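# Report on the structure
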Amino acid sequence: MNPPFRHGHRRRIAGRNTRQGAQLAKKLFIKTYGCQMNVYDSARMADVLAPLGYAQVEEAKDADMVILNTCHIREKAAEKVYSDLGRLRAFKEHKLNSGGEMLLAVAGCVAQAEGEEILHRAPFVDIVLGPQTYHRLPELIARATRAGDPGTGPRRGVVDTDFPAEPKFDFLPEPGLSGPSAFLSVQEGCDKFCTFCVVPYTRGAEYSRPVRDVLGEAKGLVLRGAREIVLLGQNVNAYHGEALSGSGEWGLGRLIGELAEIDGLARIRYTTSHPGDMDDDLFAAHRDVPQLMPFLHLPVQSGSARILAAMNRRYGPDDYRRVAEKLRTARADMALASDFIVGFPGESRNDFEDTLKLVDDIGFAQAYSFKFSARPGTPAAAMEVQIDEDEKAARLAELQELIARRQTLFNAKFVGLRVPVLFDRRGRKSDQWGGRSPHMQAVHVEAEGSLFGAIAEVEVQTATMSSMTGRVVDVPQPEGAAA
Ligand code: SAH
Ligand code: SF4
Ligand code: F3S
C-alpha cells in the first residue's frame, strides 16, 4: 500500500508534471487505493482536470484539490479512507486559515457504495463521485465551489453516483503521456455476483468498449511511448465489444489478435480474468500471439468445490485445473497467478486443505491471499457460520507460507537463464534500473546509460520470493523511449 499522501504511482505521472509546465498554478493530489482499474481511473481524472489548470503533485499538504480514489473490496480498505480524511481535514483547515482553499473529493468504490453517507461522516468533503461519473468532474467542481464558503459554513458537498446511460469513455479526453507500460481499460463492471463481492454493486453492470475505441486508444499510447499495454477490466476476459466493422461483437482473443498488429507494441497483458470466461479464441491467442505474455492472473479463490459453490463462482477446482492445463498446452511456459480468500463462511479445515492442495498442484508464480471480509449487503455477509478471526489469521499465515515457498521456487528456476526485461523504472541510484520479465517478475540491474523503455536481455543472477537481479547482456536500441 502507498504511504499516506505520498504518490505511489510516480512513474505513471512523471510525464504529466513536465507536460503541464510551470505556468499552471493549481496543485492536484490523487491517492489511489485498490485495483489497477482505480490506477487507470486516477490517471484519467488527472487528464480531465488538466485543461482546468491542475497539475499533479506528490504531496497532499498544500494541494488545491485532493482526490481519494477509494476501494470498497474489504473492510480495512474502506475504513482507511476515513482515517485519511481525518488527516486531510487538518491540511484543509490550515490552507483555509492561510487564505487558500483545498477541494476534497472522494471518488471510486467507497464513494459509490456510501454516497451521501460520506458527507455525514465527513462533512468537510466537497465532492463525492462514483467510478462512472468522473468525466463530470469540471461540472462537479463548479457546483461545489458555487455552493458556499469552502470548508466552513453549512454542508455543501455535492454527490454524483449515477450510472449514466452514456459511458464516460465517450466524454474523456485522450490519455496523457504514457510510460513504457500502460493500462487500457476495455471492460468494466461485473454481472457475476460472487456472494462475497461488492464489485457488481460499486462498478455496475458489465460493459465492453467498442473495438474501434480500444484500438484508437492503444495506437495513441504506443505513439506516446508505450511498449506494453495491459488491458484492464473487472472481468476482462468477459470482453465482448462492438466489432470493428459490420455487426456483431468481438471477444478478447480476437481483440488481442488485432492489437498485436500495432507496430511497436511489444507486449500485451490482460487482467483480471474469471476462469469461467476462458474461451477457445483466448486459448488460441495464447498459442498464436507472441506479444501476449506467458503470465495470467486468474483468481481461483478456493480449492474446495463446496466453498466455490457457496461463493457462486460457477466452476469447481477440477474445472480450474483443466483451464490451467489448456493454457499450458497453448503455451508451455505459461505461468499463473491467483487470489485466495480464506475463512469464507462455513470453510472447514478440509475445505482449506483442498485449497492448499490446489496451490501445490498448480504451483502459482504469484498469489494474493485475503481473510474473508464481510461486506455489507453481500449474501456471504449474512451467511450463518462465520469463521473466527483467529482461525482466519492462522489459515492465512499457513497459505501465505506455502505460496511464498512456491513463488521462491518459481523464481529460483530462472537463475542462470536469460530473460527479456522491459525497463519501466529507475532505481534509487542513477545506474539502477527496474523492469518486468515476461512472467511479471520484478528484475533489477545496474547499467550505464538509460534503459528506460528498452527491452533488454538480462542474465538472471539472484532470485528471491519477490524479485530478481541480473546483468544486461544485450541492449537493443530503445524504441520510443523517453525518460
Ligand atoms: N474479478 C476478480 C476479482 C476482483 S476483487 C475475480 O473474479 O477474481 C479482487 C480480489 O479481492 C478477489 O479476487 C478476492 O480474492 C478479493 N476479495 C473480494 N471480495 C472480498 C471479500 N469480501 N473478502 C476478502 N477478499 C475479497
Ligand atoms: Fe467480484 Fe470478480 Fe466475482 Fe465479479 S467475478 S463478483 S468482480 S469476484
Ligand atoms: Fe476496489 Fe473497486 Fe477495484 S472495490 S478492487 S477499487 S473495483
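Data block above holds the structure.
Anyway, here's the lowdown on the structure attached to this text. Fair warning: this is a prediction, and the values are worked out from it, not measured in the lab. (Residues numbered from 1 in each chain as written. Chains lettered and ligands numbered in written order. Predicted model: local features only at pLDDT ≥ 70, side-chain atom pairs only at ≥ 80, totals over all residues. Heavy atoms only, no water.)

## A closer look at the sheet that holds strand 2 (residues 54–56)
Pairing within the open sheet is parallel, and its six strands lie in the order 2-1-3-4-5-6. Edge positions in the sheet fall to strand 2 and strand 6 (158–160), since each has one partner strand and no second. Taken pair by pair, the neighbouring strands of this sheet meet at an average axis angle of 20 degrees, ignoring direction. Pairing analysis gives two bridges linking strand 4 (residues 103–107) to strand 5 (residues 127–129), with the strands arranged parallel. By the bridge assignment, A105 is partnered in strand 5 with I127. (Pairing = 2+ DSSP bridges. Helix = DSSP H or I, 4+ residues; strand = E, 2+ residues; numbered from the N terminus. Axes fitted to C-alpha atoms, helices over the stretch in contact; angles between N-to-C directions.)

## Comments concerning unusual backbone geometry
Cis geometry marks the peptide bond from T271 to T272; its omega dihedral reads 0 degrees. Unusually for a residue other than glycine, Q301 sits at a positive phi of about 75 degrees. Topologically, Q301 is positioned in the loop between strand 14 (295–297) and helix 11 (305–310). Backbone geometry at M440 places phi at a positive 70 degrees, although glycine is not the residue there. Mapped onto the fold, M440 is located in the loop between strand 18 (432–436) and strand 19 (442–446).

## What about the site of ligand 3?
Around ligand 3 lies a shell formed by C35, N38, T70, C71, H72, I73, C109, R203 and Q234. Here the residues of the shell around ligand 3 are counted per class, giving four nonpolar, four polar and one charged. (Near = heavy atom within 4 Å. Nonpolar A, V, L, I, M, F, W, Y, C, P; charged D, E, K, R; others polar.)

## Overview of the pattern of salt bridges
Evaluation of the coordinates by the stated rule reveals 36 salt bridges. Across the salt bridge formed by K31 and D84, the nearest N and O atoms sit 2.9 Å from each other. With a gap of 53 residues between them, K31 in strand 1 (residues 26–32) and D84 in helix 3 (residues 75–97) connect regions that are remote in the sequence. Here E347 makes a salt bridge to R395, at a shortest N to O gap of 2.9 Å. Residue E347 is located in the loop between strand 15 (335–342) and helix 13 (349–362), and its partner R395 is located in helix 14 (residues 389–412); the two are separated by 48 residues in the primary sequence. Assessed through its relative accessible area of 2%, E347 is described here as buried. Judged by its relative accessible area of 6%, R395 is buried. (Salt bridge = Lys/Arg side-chain N within 4 Å of Asp/Glu carboxyl O. Buried < 20%, exposed > 50% of the residue type's maximum accessible area, 1.4 Å probe, protein only.)

## Observations concerning the nonpolar core
Among the nonpolar cores identified, the biggest contains 66 residues, and L231, I256 and Y270 are the most heavily contacted of them. The element contributing the most residues to this core is helix 8 (residues 211–223), with six residues. In contact with Y270, other than residues within four places in its own chain, are L231, V236, L252, I256, M278, L282, H286, L292 and L296. Of all hydrophobic cores here, the second largest spans 28 residues; its members include M45, V48, L103 and L140. (Core = buried A, V, L, I, M, F, W, Y, C linked by side-chain atoms within 4.5 Å. Contact = heavy atoms within 4.5 Å.)

## Topic: the site of ligand 1
As a structural note, the neighbourhood of ligand 1 is formed by 15 residues, with F196, Q234, Q301, D339 and S373 the closest of them. Within the contact set of ligand 1, a nitrogen atom lies 3.0 Å away from a backbone nitrogen or oxygen of F196. Between ligand 1 and Q234, the relevant distance is 2.8 Å, taken from a nitrogen atom to a main-chain nitrogen or oxygen of the residue. Relative to its free-state accessible area of 540 Å², ligand 1 is covered by the protein chains to the extent of 89%. Residue composition of the shell around ligand 1, grouped by class: six nonpolar, four polar and five charged. (Polar contact = N/O pair within 3.5 Å; in protein donor to acceptor, adjacent residues only side chain to side chain. Areas by Shrake-Rupley, 256 points an atom, 1.4 Å probe, with all protein chains shown as cover.)

## Some points on the side chain of Q407
Mapped onto the elements, Q407 comes out in helix 14. Judged by its relative accessible area of 11%, Q407 falls in the buried class. At 3.2 Å, the side chain of Q407 forms a polar contact with the backbone oxygen of M465. Aside from chain neighbours lying at most four places away, what touches Q407 is F364, A365, Q366, A367 and M465.

## Considering the packing of aromatic side chains
Each pair of aromatic rings is reported with the distance of its centres and the angle of its planes. On inspection of all chains with the given rule, the structure shows seven aromatic pairs. Both rings, one in F169 and one in Y207, keep their centres 6.3 Å apart while their planes meet at 15 degrees; by these two values the pair is stacked. On the criterion of sequence distance, the pair formed by F169 in the loop between strand 6 and strand 7 (181–185) and Y207 in strand 9 (residues 207–208) is long-range, its members being 38 residues apart. Note on F169: relative accessible area 9%, which makes it buried. You can call Y207 partly exposed: its relative accessible area is 27%. On the basis of an interplanar angle of 70 degrees and a centroid distance of 5.4 Å, the ring pair of F344 and F372 is categorised as edge-to-face. Here F344 is found in the loop between strand 15 and helix 13, whereas its partner F372 is found in the loop between strand 16 (366–371) and helix 14, with 28 residues between them in sequence. Assigned by exposure class, F344 and F372 land together as buried. Among the aromatic residues, ring-to-ring pairing joins F196, F344 and F372 into one connected group. Over the face of the ring belonging to F370 we find R74, whose NZ or CZ atom lies 3.6 Å from the ring centre. (Phe/Tyr/Trp six-rings, centres within 6.5 Å; stacked < 30°, edge-to-face > 60°. Lys NZ or Arg CZ within 6 Å of the ring centre and 35° of its normal.)

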